[in-house]
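Residues per chain, in single letters:
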Amino acid sequence: MIPRYARPEMTAIWEPATKFRIWYEIEAHACDAQAKLGVIPQENADAVWKAKDVEFDVARIDEIEAVTKHDVIAFLTHLAEHVGSDEARFVHQGMTSSDVLDTCLNVQLVRAADLLLGGVDKVLAALKKRAFEHKDTVRVGRSHGIHAEPTTMGLTFARFYAEMDRNKNRLEKAKWEIATGAISGAVGTFANIDPAVEEHVCEKLGLRPEPISTKVIPRDRHAMFFATLGVIASSIENIAIEIRHMQRTEVLEGAEFFSMGQKGSSAMPHKKNPVLTENLTGLARLVRMTVIPAMENVALWHERDISHSSVERGIGPDATITLDFALNRLAGVVDKMIIYPQNMLDNMNKFPGLVMSQRVLLALTQAGVSREDAYSMVQRNALKVWEERLDFRDLLLADEEVVKALGVDGIKEKFDMGYHTKHVDTIFRRVFGEA
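Okay, so let's go over this structure. Bear in mind that the values here come from a model prediction, so they are computed numbers and not experimental data.

Some remarks on the overall build of the protein
Looking only at helices and strands, the protein features 20 helices and 6 strands. Its C-alpha radius of gyration of 30 Å places the protein more than 25% over the 22 Å reference for a compact globule of 435 residues. Overall, the protein is about 100 × 50 × 40 Å in size when its C-alpha atoms are taken along their principal axes. Across the 435 residues in the protein, those meeting the buried criterion constitute 49%. Pairs at least 24 apart in sequence give 75% of the contacts found in the protein among residues at least 6 apart. Carbon and sulfur atoms make up 53% of the accessible area of the protein, which totals about 20900 Å². Put simply, the protein has 53 plus and 62 minus side-chain charges, and the middle of one group is 6 Å from the middle of the other.

Written out as structure tokens, the structure reads:
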């Protein structure tokens, strides 16, 4: 991923030096287990740990690979240069390249998941703070982009919190699912290596042994992991789209923080553009772009092929680095977002009283008017509000049929805003466990 959309903490997981360090640990722990089983001499297993503080030379490994055309062999050759050729002769005993590659990839994905979970927690904290801050800040709810009925800004943040909390649960499950390792040999039968070696290596690396591997770890696990990242990215876009809508000039109910010295346009000095949330929308597309290839990787020939390998070398870093950046950016956007409560009221009153139409409709049916007649009575007045910007309540008070059914006080009572916010605390308790 390009540095512009990458944080160093996540990028470090995918650096070649990190990969080779994990490869080394896999090989060294495997040697320990082999020595314990009496398969190799203890002194040879101990010798491998002479390289425990070595910074593996990435350029040297690349140089060797240019000749061998095999990355794992290149690494093992370089390791022998540090340990000694004779001492290292039992390294990789009974193992196959995928034992190293797959186990390493899953270690990296688990570490990436930990960072992503930290990012989700930051988003959740920001959403919760803003939800309670604006729990009772009334704004109009919209369906199809059109004014519907009153809601609150707090409920908007609360629903995003609930969605992201579900994503946290999904990511925890995805992390658990991907946290397996395999040291099972050429076709996964353990013919040349004892299952105890796999158990030992996995324990040391914080993984579980893959129940059945066929030289490779089954890719349905990876498909599920990347699909989860795609869902989280879509939730980020969901929040970003709402903020972008709120920042539109004719809406302006909320906006990204605009810092001193920031410029919105090279041509128009007045501009304040929602550039961060537009960026988040684009980043979400990049993360989702990795989901279909991950699913296509599930179908491999027989015990294995490497059609998945080139894909994972790209989507592993790209998806996790991009999503990590997006989560941290979103947390900052929500935390510093500017809210305009008065604009929310002004927008709701742009068509005075119209958002109370359903309550009047229900009251008419409860007063004995058929639903068809009630709908017609309400709609004929509502359309005048649309077309002439008249006050809906005044129109109803001037409508003899409506007055006859509900009475003057009955009509006025239907315009109490508290009617629409009376269950906000109940919803908050469901989402946050507190109100």
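A short note on the side chain of D99
Among the secondary structure elements, D99 is positioned in helix α6 (residues 97-133). No salt bridge is formed by the buried D99, whose closest oppositely charged neighbour, K215, lies at an N-O distance of 7.8 Å. Only 3.1 Å separates the side chain of D99 from the backbone nitrogen of G185, close enough to count as a polar contact. Beyond its immediate stretch of four places on either side in the chain, D99 contacts A182, I183, S184, G185 and K215.

Focus on the environment of G185
When you line up the elements, G185 lands in the loop between β3 (180-181) and α8 (195-205). Remark: the alpha-carbon pair of G185 and E198, spanning 13 residues in sequence, is separated by 9.9 Å.

Focus: the packing of helix α4 (residues 58-68) against helix α5 (residues 71-83)
Direction vectors running N to C along α4 and α5 enclose 125°, while the axes themselves pass 8 Å from each other. Here α4 lies oblique to α5, going by the angle between them. Here the hand of the crossing between α4 and α5 comes out right-handed. Of the residues in α5, those touching α4 at R60, I61, I64, E65 and T68 are D71, I73, A74, F75, T77, H78 and E81. Its residues placed into classes, the contact of α4 with α5 shows 5 nonpolar, 3 polar and 4 charged.

Side note on the side chain of E163
Topologically, E163 is positioned in helix α7 (residues 153-178). R166 provides the closest opposite charge to the buried, salt-bridge-free E163, at an N-O distance of 4.8 Å. If we ignore the near neighbours within four places in the chain, the residues touching E163 are R170, S235 and N238.

Quick look at helix α9 (residues 220-247)
With 28 residues, α9 should cover 40 Å at 1.5 Å per step; its first-to-last C-alpha distance of 41 Å lies within 8% of that length. Summarising burial for α9: 21 of the 28 residues are buried, a large majority.

A look at the packing of aromatic side chains
According to the stated counting rule, one finds 14 aromatic pairs in the structure shown. Judged by centre distance (5.4 Å) and plane angle (70°), the rings of F56 and F75 are edge-to-face. Placement of the pair is F56 in the loop between α3 (42-48) and α4 and F75 in helix α5, with a sequence separation of 19 residues. With respect to burial, F56 and F75 carry one shared label: buried. Seen in terms of ring centroids, F351 and W386 are 4.7 Å apart; in terms of plane orientation they differ by 50°. Their pairing is tilted. A residue pair is termed long-range when its members are at least 10 positions apart, and F351 in the loop between α13 (341-348) and α14 (357-366) and W386 in helix α15 (residues 371-388) qualify at 35 residues. What makes F351 buried here is its relative accessible area of 13%.

Description of a nonpolar patch on the surface
On the surface, a nonpolar cluster with roughly 270 Å² of combined accessible area is contributed by I146, L383 and W386. A relative accessible area of 41% places W386 in the partly exposed class.

A word on the packing of helix α10 (residues 275-288) against helix α12 (residues 309-336)
When two helices pack together, their arrangement is given by the angle between their axes and by how far apart the axes lie. Contact pair α10 / α12: the axes reach a minimum separation of 10 Å and the direction vectors enclose 155°. Here α10 lies roughly antiparallel to α12, going by the angle between them. For the pair α10 and α12, the crossing hand works out as left-handed. Residues L276, T277, N279, L280, L283, L286 and V287 of α10 form the contact with α12, whose own contacting residues are A319, T322, L323, F325, A326, R329, L330 and V333.

With respect to the pattern of salt bridges
In total, this model carries 26 salt bridges according to the counting rule given. Here R7 ties to E9 by a salt bridge, and the two come within 3.5 Å at their closest N and O atoms. When the shortest N-O distance is used, the salt bridge between R89 and D86 registers 3.1 Å. Bridged by salt links that share partners, the residues R139, R142, R159, E242 and E253 form one connected network.

Reading guide: rules and limits
- The numbers attached to residues start from 1 for each chain and follow its sequence in the written order.
- Restriction of local features to residues with pLDDT of at least 70 applies here, the model being predicted, together with a cutoff of 80 or more for giving and counting side-chain atom pairs; totals for whole chains, interfaces and linings are based on all residues.
- Working from all heavy atoms in the structure, the side-chain values ignore hydrogens and water.
- Comment: elements are numbered from the N terminus, with helices defined as DSSP H or I runs of at least four residues and strands as E runs of at least two.
- C-alpha atoms define the radius of gyration, and 2.2 Å times the number of residues to the power 0.38 defines the globule rule.
- Accessible area is worked out with a 1.4 Å probe on protein chains only. A residue is then buried under 20% of its type maximum, exposed over 50%, and partly exposed in between.
- We call two residues in contact whenever any of their non-hydrogen atoms come within 4.5 Å of each other.
- Residue burial considers only the protein chains on display, and all accessible areas are found by Shrake-Rupley using a 1.4 Å probe.
- Positive residues here are Lys and Arg, negative ones are Asp and Glu, while His and the chain termini are left out of the count.
- In plain terms, the charge of a residue is placed at NZ if it is Lys, CZ if Arg, CG if Asp and CD if Glu.
- A pairing counts as a salt bridge when a side-chain nitrogen of Lys or Arg comes within 4 Å of a carboxyl oxygen of Asp or Glu.
- The term polar contact refers here to a pair of N or O atoms within 3.5 Å; inside protein, the definition further demands a hydrogen-donor-capable atom paired with an acceptor-capable atom, and it admits residues adjacent in sequence only when both atoms are side-chain atoms.
- Interaxial angle, 0 to 180 degrees, is taken between N-to-C directions of lines fitted to C-alpha atoms, where a helix line uses only the stretch in contact.
- Any angle from 65 to 115 degrees is called roughly perpendicular, while one under 35 is roughly parallel, one over 145 is roughly antiparallel, and all others are oblique.
- For a crossing to be left-handed, the near helix must be turned anticlockwise from the far one by less than a right angle; the clockwise case is right-handed.
- In the scheme used here, Gly and all other residues not listed as nonpolar or charged are polar, with Ala, Val, Leu, Ile, Met, Phe, Trp, Tyr, Cys and Pro taken as nonpolar and Asp, Glu, Lys and Arg as charged.
- Each helix should span, by expectation, one fewer than its residue count multiplied by 1.5 Å.
- The rule is short: rings of Phe, Tyr and Trp, with Trp giving its six-membered ring, pair when the centres are within 6.5 Å, and they are stacked under 30 degrees, edge-to-face over 60, tilted in between.
- Residues forming no salt bridge and having over 30% relative accessible area are the ones grouped into patches, like charges within 9 Å of each other and nonpolar side chains (Val, Leu, Ile, Met, Phe, Trp, Tyr) within 5 Å.

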